[in-house]
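Examining the three-dimensional arrangement
Spelled out, the chains give:
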Amino acid sequence: MEVTYDVIIIGGGPIGMACAIAAQRKGLNYLILERGALVNSLFNYPLYMTFFSTAERLEIGDVPFSCIAPKPGRQEALEYYRNIQKHFKLNINLFEKVTSVQKQEDGVFNVISDKATYTAENVVIATGFYDIPVYMDVPGEHLPHVRHYYKEAHEYAFRKVLVVGANNSSVDAALECWHKGAEVTMVIRKGEINDRVKYWIKPDIENRIAEGSITAHFYSSITAIREKEVDVLTPEGPVTVEADFVLALTGYRPDIDFLKSCGIQTHDDVLCVPVYNPDTMETNVPGLYLAGVVCGGMETHKWFIENSRVHADMIITNIVSAKESD
């Protein structure tokens, strides 16, 4: 017999897991559908990434996150969230991508994945933003030596590496590659390193640029990429930079098209912020909720684990209240 879930949660990251924990504590019948591994976005972070947040601000389910260092790294975070799964035994299907969410005339949602079809009275989308890069739309961007994700520096040692961007991911990659012996050039759209760069990293990259160890082209943009060189438009005019690899770490964005396909409206501007009630996280589609980073649309620096953990209780409280009033 087909089960109609009280709630299906799309996304098995920290916020999706927090929603499941809240549902479990309220006795709701729930299921998480995750397109990749557990906390897949964190899994795809650079190997040696250190979080800006302290460990306690990454906690979910009232389970302490013990960390010896002042701030946890990727490996410690993966260990913590694996332990969360072991502790709560959350009902989660990994490596199952949701392709469609549609509300039927009877008010029940059809949730279709690449493996099965489910029904649910409520759906929570907690898909984050890390799956789709923000592309530059320049010739050569999709050549094999152009990377939109960075894992570690070893591959780039003793090579000419061009890094695009001035946010945390770009700065981390530039410094790590330089420390491993790469010749690093940065192309930065604005006139300075972003203020959101980790405070203990920002002086390091600024000093490397000032001393000439890392070359930086400010107020500049890439116009074309070829196998061994990149055309860059600078304030002084066009220049060509030799590059064995291009790390186009230009940011990532939520799957806005997927949100729209579910019936969720977005504000009509470049940020594409989805429409939802900030008190309940319910979208313009009754019974369809948003949680976590996806709530910010293209404004991906607005929501983090630490300030969106509260979405879980807000959503589940509203779902339980609605069920009790039926």
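Refer to the structure printed above.
These remarks concern the structure in this document. (Residues numbered from 1 in each chain as written. Predicted model: local features only at pLDDT ≥ 70, side-chain atom pairs only at ≥ 80, totals over all residues. Heavy atoms only, no water.)

Before going further, it helps to examine the overall build of the chain. Along its length, the chain carries eight helices and 19 strands. The C-alpha radius of gyration of the chain comes to 22 Å, within 12% of the 20 Å expected for a compact globule of 326 residues. Its C-alpha atoms give the chain principal-axis dimensions of roughly 65 × 45 × 35 Å. For the chain, with 326 residues in total, the buried portion stands at 52%. For the chain, the share of sequence-separated contacts (at least 6 apart) that also reach a separation of at least 24 residues comes to 61%. When the accessible area of the chain is evaluated, it comes to approximately 15700 Å², of which 51% is carbon and sulfur surface. Here the chain contributes 30 positively and 43 negatively charged side chains, and the mean placements of these two sets differ by 4 Å. (Helix = DSSP H or I, 4+ residues; strand = E, 2+ residues; numbered from the N terminus. Rg over C-alpha atoms; globule rule 2.2 N^0.38 Å. Buried < 20%, exposed > 50% of the residue type's maximum accessible area, 1.4 Å probe, protein only. Contact = heavy atoms within 4.5 Å. Areas by Shrake-Rupley, 256 points an atom, 1.4 Å probe, with all protein chains shown as cover. Lys, Arg positive; Asp, Glu negative; His and termini not counted. Charge placed at Lys NZ, Arg CZ, Asp CG, Glu CD.)

A few words on the sheet that holds strand β8 (residues 123-125). The five strands are arranged β4-β3-β2-β8-β19 in an open sheet whose pairing can be described as parallel. Since the sheet does not close on itself, it has two edges, and those belong to β4 (92-93) and β19 (288-290), each with one partner. Two elements, strand β3 (residues 30-33) and β4, share two bridges in a ladder whose sense is parallel. Looking across to β4, one finds that Leu33 is bridged to Asn93. Helix-sheet contacts for helix α1 (residues 14-25) involve β2 (7-10), β3 and β8, and the interaxial angle to β3 is about 170 degrees. (Pairing = 2+ DSSP bridges. Axes fitted to C-alpha atoms, helices over the stretch in contact; angles between N-to-C directions.)

Time to look at a nonpolar patch on the surface. Where nonpolar side chains cluster on the molecular surface, the patch consists of Phe52, Tyr199 and Trp200 and spans about 340 Å² of accessible area. Within the fold, Tyr199 resides in the loop between β12 (183-187) and α5 (202-211). Residue Tyr199 is classed as exposed on the basis of its relative accessible area, which comes to 55%. (Patch = residues over 30% accessible without salt bridge, like charges linked within 9 Å, V, L, I, M, F, W, Y side chains within 5 Å. Salt bridge = Lys/Arg side-chain N within 4 Å of Asp/Glu carboxyl O.)

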